[in-house]
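# Per-entry structural report
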There are 2 protein chains.
Amino acid sequence: MEASVTPKTARGEATRRAILSAAEDVIGMRGFNDASITDITREAGCAQGTFYIYFKSKDEVFAELVVEMGRLLRHALSEATEAAPDRLSAEKEGLRGFLTFVIAHPNLYRIIQEALFVNPDAYRAYFQTFADGYREALAAADAGGEIRPGDPDVRAWMLMGIAKTLGERAVVWGDETPIDDVVEAAHDMIVNGLKR
Amino acid sequence: MEASVTPKTARGEATRRAILSAAEDVIGMRGFNDASITDITREAGCAQGTFYIYFKSKDEVFAELVVEMGRLLRHALSEATEAAPDRLSAEKEGLRGFLTFVIAHPNLYRIIQEALFVNPDAYRAYFQTFADGYREALAAADAGGEIRPGDPDVRAWMLMGIAKTLGERAVVWGDETPIDDVVEAAHDMIVNGLKR
DNA sequence: ATCCAATATGACACATGGTTCATGTTTCAT
DNA sequence: ATGAAACATGAACCATGTGTCATATTGGAT
């Protein structure tokens with residue numbers, strides 16, 4: 001297992017990007033095990049050996065995709081919720097932002113779900129970040145009297161579960177209900193479940 | 001691919017069971033791709049060839065495990081909820097029953113989650129059954145004025161997502177919070193989210 | 001007791017696909 | 001222009017593991 005290399009050149013940078021992007025498509029579509037390096041490099045338009053210039057292994061490129069998903073999603077969520085005046089509207093905008101993101105990035109979404117089996121450590125790291133942030137936000141809202149008192153940890157997982165499953169309904173099951181309709185319906189239950 | 005055979009003898013029946021049970025353990029622990037037929041038959045205490053007497057392929061035994069999980073879980077849930085006088089208490093007892101079941105059958109639980117990638121059709125069939133039943137139960141409770149009016153489909157998915165994620169928290173993340181505490185905390189949010 | 005279908009064996013044929021490597025090409029600083 | 005580092009190639013190596021098959025054993029029905 002050779003050490004992977006970081007590109008020193010615009011050309012190398014472009015190739016690395018092409019491989020990473022191809023990996024996202026191919027692994028997202030076919031799943032980790034059915035996605036071969038041959039498939040990925042064919043999609044990227046380079047030779048198989050080129051893959052190993054930039055990535056140590058198939059597992060490494062997968063791990064990088066998980067990290068990328070986390071980064072992109074955190075960014076999307078903080079943008080979506082930054083203007084929210086209180087916790088309950090942050091919930092609404094966060095859910096809308098999440099669903100919008102996963103519908104725009106179905107391959108990354110499937111990769112995250114598969115990470116539980118392909119790379120549990122990456123999965124944990126990804127999920128733990130969101131769980132921690134969520135719990136703190138809920139604990140703060142509780143302490144500030146914004147919402148009903150209640151276990152912030154269990155609530156954080158419930159809300160993540162709601163988002164995750166509604167995302168799966170859209171991405172995996174191809175449900176076509178408009179995002180805003182789903183958000184309204186879900187938020188009704190969430191807001192009543194959490195409000196004082 | 002030879003046709004698989006149904007046992008005609010108590011001996012054959014026992015062997016088939018041993019293989020299925022070993023497959024549950026090994027696939028649940030190591031994941032589908034890292035679980036080899038050799039691992040499964042070693043665990044079952046028979047030769048590799050014996051596997052192919054009773055199962056056409058590794059995929060077939062996996063599919064059967066998904067079906068078994070569905071059967072066992074439906075049974076557990078109907079037992080857990082049969083005495084519930086109304087929808088909201090059915091939710092509470094259903095959640096308790098679900099968590100109790102998955103904690104008792106962590107391997108089957110992981111297999112279901114992996115089915116999305118290993119055998120999407122089996123995953124859909126499993127999930128659709130629960131989604132349909134759930135939606136109908138919620139629609140009936142809504143029509144009967146038992147709960148707040150609202151989209152039964154979105155709600156069904158939200159509630160499944162809550163259960164699924166809390167199950168994952170326990171099984172995959174090893175959270176040790178007592179089931180009853182989790183149920184109480186979750187039910188507070190659910191009942192307020194749904195009640196009139 | 002005998003026989004035959006059912007059950008069991010485990011070595012091996014075979015396909016797959018990740019990874020390596022010796023070699024070739026491109027880029028760019030000097 | 002030139003040399004060296006970066007980049008690219010793809011055939012082949014090699015490990016892995018599924019599924020097959022010729023053969024052996026078991027056990028119950030007659």
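Treat the numbers as computed from the prediction; the structure is a model and nothing was measured.

## Details of the interface of chain B and chain A
In this complex, chain B contributes 37 residues to the contact, which on the side of chain A involves 37 residues. When the two sides are added together, the surface that chain B and chain A hide from each other amounts to roughly 3,800 Å², 68% of it contributed by carbon and sulfur. Linking chain B with chain A are eight salt bridges. Ionic pairing is found between Asp-188 of chain A and Arg-148 of chain B, a salt bridge with its closest N-O pair at 2.5 Å. Scanning the region where chain B abuts chain A turns up 10 residue pairs in polar contact (both at pLDDT 80 or more). Elements supplying a minimum of two residues to the side of chain B that touches chain A: helix 6 (106-118), helix 7 (120-143), helix 8 (152-171) and helix 9 (179-194) of chain B. Considering each element in turn, the side of chain B that touches chain A owes the most residues, 13 residues, to helix 8 of chain B. Of the residues that constitute the side of chain B that touches chain A, the class distribution is 18 nonpolar, seven polar and 12 charged.

## A few points about the domain arrangement of chain A
By a widely used convention, the size of an interface equals the accessible area lost when the partners come together. All names here are of chain A. When its domains are assigned, chain A resolves into domain 1 (10-56) and domain 2 (61-194). One C-alpha centre belongs to domain 1, the other to domain 2, and the line joining them spans 29 Å. On the domain 2 side, the residues contacting the 13 residues of domain 1 number 11 residues. Of the roughly 1,100 Å² buried where domain 1 meets domain 2, counting both sides, 64% is carbon and sulfur surface. Per-residue buried area on domain 1 facing domain 2 is highest for Leu-20, Glu-24 and Phe-32; these three make up 46% of the total on that side. There are one salt bridge connecting domain 1 and domain 2. A salt bridge links Arg-16 to Glu-64; the nearest nitrogen and oxygen atoms lie 2.2 Å apart. Counting the contacts that link domain 1 with domain 2 gives three residue pairs in polar contact (both at pLDDT 80 or more). With eight residues, helix 1 (residues 10-30) is the single largest residue contributor to the side of domain 1 that touches domain 2.

## Here we look at helix 8 of chain B
Residue and element names in this part refer to chain B. The first and last C-alpha atoms of helix 8 sit 28 Å apart over 20 residues, in line with the 28 Å expected at 1.5 Å per residue. Counted residue by residue, helix 8 has 18 buried out of 20 residues, so it is predominantly covered. Backbone nitrogen of Asp-153 and a side-chain oxygen of the N-cap are separated by 2.8 Å at the start of helix 8; the cap is Asp-151.

## Focus on the nonpolar core
Counting 128 residues, the largest nonpolar core has Ile-27 and Leu-166 of chain A together with Ile-27 and Leu-166 of chain B as its most contacted members. Take this core: its biggest share by element is 10 residues, from helix 8 (residues 152-171) of chain A. Once you skip the residues sitting within four places of it in the chain, Ile-27 of chain B turns out to touch Phe-32, Ala-35, Ile-40, Val-61, Phe-62, Leu-65 and Ile-111 of chain B.

## Quick word on empty space enclosed by the protein
Scanning all chains against the criterion turns up two cavities of 30 Å³ or more. Taken as a whole, the largest cavity spans an internal volume of roughly 100 Å³. Taken together, the elements giving at least two residues each to the lining of the largest cavity come down to helix 6 (106-118) and helix 8 of chain A together with helix 6 and helix 8 of chain B. Broken down by class, the residue content of the lining of the largest cavity amounts to six nonpolar, two polar and four charged. Taken as a whole, the second largest cavity encloses approximately 50 Å³ of empty space. Surrounding the second largest cavity, Tyr-109, Gln-113, Lys-164, Thr-165 and Glu-168 of chain A together with Gln-113, Lys-164, Thr-165 and Glu-168 of chain B form its lining. Secondary-structure elements contributing two or more residues to the lining of the second largest cavity are helix 6 and helix 8 of chain A together with helix 8 of chain B. By residue class, the composition of the lining of the second largest cavity is one nonpolar, four polar and four charged.

## Some thoughts on the pattern of salt bridges
Evaluation of the coordinates by the stated rule reveals 34 salt bridges over all chains. Asp-188 of chain A is paired through a salt bridge with Arg-155 of chain B; the nearest N and O atoms lie 3.9 Å apart. Note that Asp-188 of chain A is positioned in helix 9 (residues 179-194) and Arg-155 of chain B in helix 8, a pairing that runs across two chains. Owing to a relative accessible area of 2%, Arg-155 of chain B belongs among the buried residues under this scheme. For Arg-135 of chain B, the salt bridge goes to Asp-153 of chain B, with nearest N and O atoms at 3.3 Å. Residue Arg-135 of chain B is located in helix 7, and its partner Asp-153 of chain B is located in helix 8; the two are separated by 18 residues in the primary sequence. We classify Asp-153 of chain B as buried; its relative accessible area is 18%. Here the salt bridges share partners, and the residues they tie into one network are Asp-132, Arg-135, Glu-136 and Asp-153 of chain A together with Arg-169 and Asp-175 of chain B.

Cut-offs applied
Residues numbered from 1 in each chain as written. Chains lettered and ligands numbered in written order. Predicted model: local features only at pLDDT ≥ 70, side-chain atom pairs only at ≥ 80, totals over all residues. Heavy atoms only, no water. Contact = heavy atoms within 4.5 Å. Buried area = accessible area lost by both parts, 1.4 Å probe. Salt bridge = Lys/Arg side-chain N within 4 Å of Asp/Glu carboxyl O. Polar contact = N/O pair within 3.5 Å; in protein donor to acceptor, adjacent residues only side chain to side chain. Helix = DSSP H or I, 4+ residues; strand = E, 2+ residues; numbered from the N terminus. Nonpolar A, V, L, I, M, F, W, Y, C, P; charged D, E, K, R; others polar. Domains from an automatic or database assignment. Expected span 1.5 Å × (residues − 1). Buried < 20%, exposed > 50% of the residue type's maximum accessible area, 1.4 Å probe, protein only. Core = buried A, V, L, I, M, F, W, Y, C linked by side-chain atoms within 4.5 Å. 1 Å grid on protein atoms, 1.4 Å probe; cavity = no way out; pocket = protein on both sides within 12 Å on 5 of 7 lines; lining within 4 Å. Points joined across faces, edges and corners; volume = space filled by probe spheres on them.

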